[in-house]
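The residues making up each chain are set out below.
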Amino acid sequence: MVLWGCIIDFFTYESTRFVVVKNWSVGIINRIVQVAIIAYFVGYVFIHEKAYQTKDTGIESSVMTKIKGFGRHNGQIVDVADYVFPPEGTDVFCIMTSLHVTENQFQGRCPAPWPYTCKMDDECKKFYGFVSPKEDNGSPGFCEVEGWCPTENEPIQTEPMGDIRNFTIFIKNSINFPLFDVSRGNVLSTMTLEEIRKCTYHPEKSPFCPIFRVGDILRYAGQTVEELIQKGGHIGIKIEWKCNLDIDLDYCVPQYFFGRFDNKNAVSNGYNFRFAKYYKSDNGTEYRTLYKVFAIRFDVIVTGNAGKFNMVPTLINVVAALTCLGLSTVLCDIILLKFLKGAEQYKAKKFEEVSPAQTDESFTPIFQF
Amino acid sequence: MVLWGCIIDFFTYESTRFVVVKNWSVGIINRIVQVAIIAYFVGYVFIHEKAYQTKDTGIESSVMTKIKGFGRHNGQIVDVADYVFPPEGTDVFCIMTSLHVTENQFQGRCPAPWPYTCKMDDECKKFYGFVSPKEDNGSPGFCEVEGWCPTENEPIQTEPMGDIRNFTIFIKNSINFPLFDVSRGNVLSTMTLEEIRKCTYHPEKSPFCPIFRVGDILRYAGQTVEELIQKGGHIGIKIEWKCNLDIDLDYCVPQYFFGRFDNKNAVSNGYNFRFAKYYKSDNGTEYRTLYKVFAIRFDVIVTGNAGKFNMVPTLINVVAALTCLGLSTVLCDIILLKFLKGAEQYKAKKFEEVSPAQTDESFTPIFQF
Amino acid sequence: MVLWGCIIDFFTYESTRFVVVKNWSVGIINRIVQVAIIAYFVGYVFIHEKAYQTKDTGIESSVMTKIKGFGRHNGQIVDVADYVFPPEGTDVFCIMTSLHVTENQFQGRCPAPWPYTCKMDDECKKFYGFVSPKEDNGSPGFCEVEGWCPTENEPIQTEPMGDIRNFTIFIKNSINFPLFDVSRGNVLSTMTLEEIRKCTYHPEKSPFCPIFRVGDILRYAGQTVEELIQKGGHIGIKIEWKCNLDIDLDYCVPQYFFGRFDNKNAVSNGYNFRFAKYYKSDNGTEYRTLYKVFAIRFDVIVTGNAGKFNMVPTLINVVAALTCLGLSTVLCDIILLKFLKGAEQYKAKKFEEVSPAQTDESFTPIFQF
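If you're wondering where the values come from, they're calculated on a predicted model, not measured in any experiment.

Asker: Looking at this model, I keep getting lost on helix α8 (residues 311–339) of chain A. Mind explaining?
Answerer: Side chains of residues three or four places apart in an α-helix project in the same direction, reflecting 3.6 residues per turn. Taking 1.5 Å of rise per residue, the 29 residues of α8 of chain A would be expected to cover 42 Å, and the 43 Å separating its terminal C-alpha atoms lies within 8% of that figure. The backbone nitrogen of Val312 of chain A lies 2.8 Å from a side-chain oxygen of the residue at the head of α8 of chain A, namely Asn310 of chain A.

Asker: How should the sheet that holds strand β2 (residues 18–21) of chain B be read in this particular structure?
Answerer: The strands making up a sheet are joined through hydrogen bonds of the backbone, oriented either antiparallel or parallel. On the basis of which strands lie adjacent, the open sheet formed by three strands has the order β1(A)-β2(B)-β19(C) and mixed pairing. Looking at which strands have only one partner, the edges of the open sheet turn out to be β1 (13–16) of chain A together with β19 (351–354) of chain C. Recorded for the sheet is a direction-independent mean angle of 30° between the axes of neighbouring strands. Summarising the sheet, β2 of chain B and β19 of chain C pair through four bridges and their orientation is parallel. Directly across from Val20 of chain B, in β19 of chain C, lies its bridge partner Glu353 of chain C. Together, β1 of chain A together with β2 of chain B form the strand contacts of helix α8 (residues 311–338) of chain B, whose direction differs from that of β1 of chain A by roughly 95°. Along the sheet face, helix α9 (residues 343–350) of chain C touches β2 of chain B together with β19 of chain C and points at about 60° away from the line of β19 of chain C.

Asker: What am I meant to see in the relation of the copies chain C and chain B here?
Answerer: Superposing chain C onto chain B takes a rotation of 120° plus a shift of 0.0 Å along the axis, which leaves an RMSD of 0.1 Å. Interpreted geometrically, this transformation is the action of a three-fold axis. Across chain C, the rotation axis passes nearest the C-alpha of Arg17 of chain C, at a separation of 3.3 Å.

Asker: Would you explain a nonpolar patch on the surface in this entry?
Answerer: Residues Val318 and Leu322 of chain A together with Leu327, Val330 and Ile334 of chain B make up a contiguous nonpolar surface patch of roughly 380 Å² in combined accessible area. Listed by contribution, the elements that provide at least two residues to the nonpolar patch are α8 of chain A together with α8 of chain B. No other element matches α8 of chain B, which puts three residues into the nonpolar patch.

Asker: Before we go on, may I ask you to explain the interface of chain C and chain B in this structure?
Answerer: One frequently used descriptor of interface size is the decrease in accessible area upon assembly of the parts. Chain C puts 84 residues into the contact, and the matching count from chain B is 81 residues. A buried area of about 7300 Å², summed over both sides, lies between chain C and chain B, and 59% of it is on carbon and sulfur atoms. Joining chain C to chain B, the criterion identifies ten salt bridges. A salt bridge links Lys349 of chain B to Glu352 of chain C; the shortest N-O distance between them is 2.9 Å. For the interface between chain C and chain B, the tally reads 38 residue pairs in polar contact (both at pLDDT 80 or more). Class assignment of the residues belonging to the side of chain C that touches chain B gives a composition of 43 nonpolar, 19 polar and 22 charged. Where strand β1 (residues 13–16) of chain B lies against strand β2 (residues 18–21) of chain C, four bridges are found, and the strand directions are antiparallel. Directly across from Ser15 of chain B, in β2 of chain C, lies its bridge partner Val19 of chain C.

Parameters and conventions
- Residues numbered from 1 in each chain as written.
- Chains lettered and ligands numbered in written order.
- Predicted model: local features only at pLDDT ≥ 70, side-chain atom pairs only at ≥ 80, totals over all residues.
- Heavy atoms only, no water.
- Helix = DSSP H or I, 4+ residues; strand = E, 2+ residues; numbered from the N terminus.
- Expected span 1.5 Å × (residues − 1).
- Polar contact = N/O pair within 3.5 Å; in protein donor to acceptor, adjacent residues only side chain to side chain.
- Pairing = 2+ DSSP bridges.
- Axes fitted to C-alpha atoms, helices over the stretch in contact; angles between N-to-C directions.
- Contact = heavy atoms within 4.5 Å.
- Least-squares fit on C-alpha atoms with pLDDT ≥ 70 in both.
- Patch = residues over 30% accessible without salt bridge, like charges linked within 9 Å, V, L, I, M, F, W, Y side chains within 5 Å.
- Areas by Shrake-Rupley, 256 points an atom, 1.4 Å probe, with all protein chains shown as cover.
- Salt bridge = Lys/Arg side-chain N within 4 Å of Asp/Glu carboxyl O.
- Buried area = accessible area lost by both parts, 1.4 Å probe.
- Nonpolar A, V, L, I, M, F, W, Y, C, P; charged D, E, K, R; others polar.

So, in structure tokens, the structure goes:
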């Protein structure tokens, strides 16, 4: 019998009781507030913020680059094998624009890079890790350096390689959104082989061409070739993938952005690095040619996200919308209870009081828990 | 006294009034709908989508690679120092499979790569940045190139290095999920040193072995060695970490996937790059040997996410579930109000009307705000 | 007329009816529960977890590094061009600490790295891809290797380059949060050029100095120079950006962390790689010097996220908070209905029963749907 009672209780249906108020002002305010809330959720939350989608921000990317062009530098004609570092075509690469060459360095001792007079050994050592002062007949000595000699030349003003502006960079970028298992490439299948071979990237005219003129890149980054080839620079090529996977995949295309990294601060303006080519003399002694390479470094940075409809965020936002709809009641109740003449009747209907006499038990029962 | 009234008001408890309907059909429908909603939330939202977790998608990763093996190419036995580019063992590396060598190039002038007859200088210049036509006794000249001479050889068919299939790649990957401060490595501590030294990766038999045979990798990627060694290729090795940090950390293990990047489009099929070795002749003139390297490039791509219980998403989803439970009322009310004979009585109980006479104030009070 | 009815219905306002209970115990419990819920949401969800923000975890980053210092190794003074691999200053770079040199290798045949006696060809071949045993007058032969000869030297204990501790690494890191379009650099604009040139990173004294002493880095990573320079090692430099974009951008600064990757497992402790320098003898034969480089490899890993106020998560969490507030009713109703003496009166007021007689229609009407 108790079980039967429980079953009946379980299948008893309970539904909230309402007060119905047929009052134009309150009714209209109620609906206006509700329409505003719905408009906000539909327009901003769902359409603008796409809150019905899950986002995949963990884009996987692989970048391959290939540079083409011939340049004239220091009376030589140089090609990719000479001016691209590293040669493998990774996402970070440098194109040499200017070189300071210090030829035929042997290990030994030689004067410090500039004739530095010193009275004490300490002074020399402070400036060069390995230094010994020459001191003949009491006159102040000159610092001597131990290491590769002669020391690096002072930069001689050579003509930098302006031809770089006509070099072209081919960028191949393959991406994958792991959450949705969607793969794309920046070499679109809608372009023919012929088109791709001939094209040059232009933001409006050919925004999907994967071949970029260096001069154009610098221009889009707000730089001039002249500015950068003297001291080098650090340029970013950003490939942005923003994909809405609820629509056709053909709209999932890259966008390119260009910017410069190294001029935000006066420190270390420009870009250069040193490397050496090593040779052996006939007697087996190793010697080297030191190169201080001024280069434009390009970083290809791939970024993006993909969104796709998913029940979980959709439900949460629909629930939020429905709950917010209920908020209009708060406003309307204030109006009804405070500003309308019939407030007393409304109050009486809405709130049924259980008189204190009926439930005047104080705290004791609670502690029976 | 006013304060006292406020305090009493503040501690007044209000509770919604319900209509109770003891009707089997409505009660059962109500419970069925509620069970369906609970099942959906528990099964899909909580268990399948793990909506009770926060996800860390900002995986931090470091990859170290090491290649082993000897190969025969062009009559020489080559080792890692010869065929791996770059040598440092980073996440992107290339294994040379075939070489086109152009030896002993000096700066100078020489005929264009193929005997290009031209009548005008412009024609020559169009094809080579730095060209001057030879014009002897009026006959059409041949283009001459300025630069490294002789120019690059036409590719001679050499036997590519098939031994690459037996090379092994050791990959060490350390990851960290910064949000939860959890670090893992793909060289699992459950494997002994002995096991790791002897093993070779196999998806089923030894899925956690960090040593990969190149031939296997290509096979898992759906490629054949023969296809790739002629023209090179671009292979992706994906290491995926999907970790549920609510269970034992030992289940947080990597999964490996293999794929090819460069055959999605006919453009730039294969993979190659050029580099040069520089020498000095006895009289100090620099000359070089140009290498066009056909290689298989491997990109190790690390991806993944970790999830862990967190109160905020849990609460939000529980709230969403509870609110959705309330939706069953909507359905049941429709049934009660429209389809049951007792609808009128139910309606009268559920909706108490405050007659228009009682609250017939129109818009004016509102503007008193 | 029907339309008019619909309009009236549409603008009819409905508001929930409440039972009002003026009982101290219930009222106080109700408010305590509500205060606890509000405190939880305000304190934990909103202030601690910053649930009112959207997070951008897709940080874009570019890293440039530059090493300075002179070291003494094997009787030579070496500089950056000698000891940094690769020279370009990318986010992954190695500083050589010790070298095993095998000079003047020519292609040919020579004894295996250790005098390996073998009776069968197979045995030799198992260990070296290309091996042929020397067999003179029946005695067990020695394995011979085909390839670069002589084979690699057994490691001779050379003095590693301890000077590395005084080398400095300048790290320039530019980041961007694409969602909010906020760019920052680790070379803060609040530091003067003079300050940056002179400073050295210290976690407390100068936490924003972008110049790091190698010795310090190893110390912060819990390592000693002595440990690492023998066998090399793999060090991570983590730059963490945690930015709250609701406050001033000047607080969006990097934090540096240091750790070691290669000692988590006994396998492949240390770090080394091989490369070769190639020379040409007078008769044009190529020969090489093989270097086994023991190096400390540094990986600069950039990580971080930015948060900014956004209406969508804020609304969702406010809605969750409001819905949770309603949960206090559940507790209070249990108290009222079970533990207070006036429970019956309360029950009668709260639940108005529509008697079975009034709605005794069974399942049939439902199927009219």
